[in-house]
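Results of the structural survey
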Amino acid sequence: RSQSDGKTMSSKASSWDIPAPLKLVVAVGGIFASFSYFALLQEDLFKKQYGGERFKSTFFMMVAERGVNALVAFVFLLIFGGSGLKVPVGIISVSGATQMLAMASSNEALRYVSYPTQVLGKSCKMVPVMLFGILIGGKFSEYGLSDYLQVSQMYSLHYPQILSCDVSGAGGDFGVVVFNFGAPVKHGKGGQSDSAYGLALIAFSLALDGATGGIQDRVKTGIKKMNEEESKKEGGKKKDPKLSPFESMLYTNLSGAIVALVFCFATDQVSAGLAFCQRSEEFVKALLAFSLCSALGQCFIYYTIAEFSPLLLATVTTTRKIFSTLVSVFRDPSNSLNEMQWIGCGLVFAGIIGEQIASFAGGGKKKAH
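Predicted model only: the values in this text are computed from it and were never measured.

In terms of helices and strands, the protein chain carries 15 helices and four strands. Expressed as a percentage of its 369 residues, the buried residues of the protein chain come to 47%. Across the protein chain, the fraction of contacts at a sequence separation of at least 24, relative to all contacts at a separation of at least 6, is 82%. Within the structure as shown, the protein chain displays about 17500 Å² of accessible surface, and the carbon and sulfur contribution to it stands at 65%.

Here you go:
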């Protein structure tokens with residue numbers, strides 16, 4: 001694909017001449033609508049009974065979700081064009097695989113923990129992101145003293161079920177601990193109470209999130225190295241070459257779908273998943289809607305980053321998580337929270353919102369997660 005093709009998307013987008021306020025409504029509304037419905041479907045797919053039984057083939061679902069994402073990205077790539085850059089397919093495929101496994105692990109956790117527990121646990125990523133950023137991305141010098149003190153504080157709490165914290169700050173860290181100490185923990189699989197196995201799955205998912213962050217740093221480095229010659233030919237104008245949004249979406253989701261399919265065959269989930277689909281048309285519709293919401297949500301995320309800023313994206317996604325958590329609590333009596341859990345929940349989201357305010361006050365210099 002030629003370099004001129006890479007300009008197609010931006011030129012077409014600019015030719016639409018959409019007013020900025022309308023762009024904001026489209027971006028925020030799109031993310032909120034697609035991922036709010038996505039969250040409801042995600043919970044139902046693993047907790048609702050279809051024809052008297054629950055769906056258990058997690059990797060089968062990941063094949064469908066990642067496959068639809070890749071298909072949508074491919075269609076938009078045909079419409080808008082790509083960057084024309086050389087792509088480090090190997091490392092970007094590894095990134096796609098770890099992303100898929102992280103989501104598969106958190107989805108599987110929904111069979112053993114409540115949705116609020118899963119959301120709050122997945123809101124806490126700083127330790128794995130920092131650790132793998134240092135080990136894989138070589139970012140030791142990029143973290144400040146406050147970042148290391150925050151992580152040290154988290155480990156000093158000696159609470160092994162939650163292995164990380166997000167940009168939410170100390171309030172968020174302490175909130176996760178309060179929330180989980182307030183929850184009745186069941187040391188086994190299944191049941192309405194959060195099980196130790198489910199919490200371990202969330203911890204594993206967080207570790208994979210951290211690995212993905214470090215690998216993505218290497219993807220950026222790989223793209224830069226592979227396209228140095230083209231940058232020199234253009235007089236150094238392309239100092240920081242980047243793939244188009246739909247190229248990134250295609251490669252990461254396609255590789256994730258392929259790895260999920262391998263796991264699907266290895267765990268005999270292909271036949272089990274297809275059999276379940278044959279028994280329940282309602283489940284098939286829910287799975288398709290879930291996959292389409294995921295794909296549309298990713299498109300709106302890329303659109304928001306392109307038109308506005310990662311800070312706005314973080315604010316919108318944080319608000320959406322709060323909304324989805326509250327909806328889950330009030331729509332399903334089994335997800336009801338006790339007083340200590342409400343306090344922990346409030347501390348987590350107050351910490352995250354506080355970080356957004358701090359980032360905004362600092363000119364958005366801090367990276368939003």
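And the narrative resumes.
Considering all chains together, one arrives at eight salt bridges under this definition. Note that Lys48 and Glu282 form a salt bridge whose closest N and O atoms lie 2.6 Å from each other. With Lys48 in the loop between helix 2 (20-47) and strand 1 (49-50) and Glu282 in helix 13 (residues 281-307), this pair connects stretches of sequence that are 234 residues apart. For Arg111, the salt bridge goes to Glu108, with nearest N and O atoms at 2.6 Å. Where salt bridges share partners, they join Glu43, Asp44 and Arg331 into one cluster.

The subject of this paragraph is the confidence of the model for the protein chain. Here the protein chain averages 75 in pLDDT, while 66% of its residues score no lower than 70. Mean pLDDT values for the elements of the protein chain range from 44 in helix 1 (residues 8-15) up to 96 in helix 12 (residues 269-279). Confidence drops under pLDDT 50 across residues 1-15; counting only partners more than four residues distant or on other chains, this segment forms 24 contacts. Below a pLDDT of 50 lies the segment residues 149-173, which in the model reaches 59 contacts outside its immediate sequence neighbourhood of four places, other chains included.

If you trace the backbone, Ser36 turns up in helix 2. By relative accessible area, Ser36 is classed as buried at 12%. Separated by 289 residues in sequence, Ser36 and Thr325 have C-alpha atoms that sit 9.8 Å apart. If near-sequence neighbours (up to four positions away) are discounted, Ser36 is found in contact with Ile31, Arg320, Phe323 and Ser324.

Under the definition given, this model contains 14 aromatic pairs. Ring plane angle 80° and centroid distance 5.7 Å describe the contact between Phe35 and Phe38, whose orientation is recorded as edge-to-face. Taken together, the residues span about one helical turn, with Phe35 and Phe38 both in helix 2 at a distance of three residues. Each member of the pair, Phe35 as well as Phe38, is classed as buried. Ring centres of Phe276 and Phe283 lie 4.9 Å apart, and the angle between their planes is 75°; this geometry places the pair in the edge-to-face category. The two residues Phe276 and Phe283 agree in class, both being buried. Three or more aromatic residues link up through ring pairs in this structure, and these residues are Phe46, Tyr50, Phe55, Phe60, Phe276 and Phe283.

Right, let's get into the nonpolar core. Formed by 31 residues in total, the largest nonpolar core has its most connected members in Leu45, Met61, Met62, Phe283, Leu287 and Phe290. Broken down by secondary-structure element, the contributors of at least two residues to this core are helix 2, helix 3 (58-80), helix 4 (89-109), helix 5 (115-122), helix 11 (245-266), helix 12, helix 13 and helix 14 (310-331). A per-element tally of this core places helix 2 first, with seven residues. When near neighbours in sequence (up to four residues on either side) are disregarded, Met62 contacts Gly67, Met100, Met103, Ala104, Asn107 and Ala260. Ala70, Phe246, Met249 and Cys299 belong to the second-largest nonpolar core, a separate cluster that totals 11 residues.

Moving on, we come to the side chain of Thr98. Tracing the backbone through its elements, the reader meets Thr98 in helix 4. Accessibility expressed as a relative area gives 11% for Thr98, which makes it buried. Those residues in contact with Thr98, other than ones at most four positions away along the chain, are Leu208, Thr212 and Ile215.

Further remarks concern helix 13. Given a rise of 1.5 Å per residue, 27 residues ought to cover 39 Å, and the 39 Å separating the end C-alpha atoms of helix 13 matches this to within 8%. Considered for burial, the residues of helix 13 that qualify are Phe283, Ala286, Leu287, Phe290, Ser291, Cys293, Ser294, Ala295, Gly297, Gln298, Cys299 and Thr304.

A surface patch of nonpolar side chains, about 470 Å² in accessible area, is lined by Leu71, Phe74, Val75, Leu78 and Ile79. Among the structural elements, Leu71 can be located in helix 3. Looking at Leu71, the relative accessible area reads 54%, which means it is exposed.

Looking at the element boundaries, Asn227 is found in the loop between helix 9 (196-226) and helix 10 (228-233). According to the relative accessible area criterion, Asn227 is buried, its value standing at 1%. For Asn227 and Gly84, which are 143 residues apart along the polypeptide, the C-alpha to C-alpha distance reads 9.9 Å. When residues no more than four places from it in sequence are discounted, the contact partners of Asn227 are Leu85, Lys86 and Pro241. At a separation of 2.8 Å, a polar atom in the side chain of Asn227 contacts the main-chain amide nitrogen of Lys86.

Rules used throughout
Residues numbered from 1 in each chain as written. Predicted model: local features only at pLDDT ≥ 70, side-chain atom pairs only at ≥ 80, totals over all residues. Heavy atoms only, no water. Helix = DSSP H or I, 4+ residues; strand = E, 2+ residues; numbered from the N terminus. Buried < 20%, exposed > 50% of the residue type's maximum accessible area, 1.4 Å probe, protein only. Contact = heavy atoms within 4.5 Å. Areas by Shrake-Rupley, 256 points an atom, 1.4 Å probe, with all protein chains shown as cover. Salt bridge = Lys/Arg side-chain N within 4 Å of Asp/Glu carboxyl O. pLDDT = per-residue confidence, 0-100. Phe/Tyr/Trp six-rings, centres within 6.5 Å; stacked < 30°, edge-to-face > 60°. Core = buried A, V, L, I, M, F, W, Y, C linked by side-chain atoms within 4.5 Å. Expected span 1.5 Å × (residues − 1). Patch = residues over 30% accessible without salt bridge, like charges linked within 9 Å, V, L, I, M, F, W, Y side chains within 5 Å. Polar contact = N/O pair within 3.5 Å; in protein donor to acceptor, adjacent residues only side chain to side chain.

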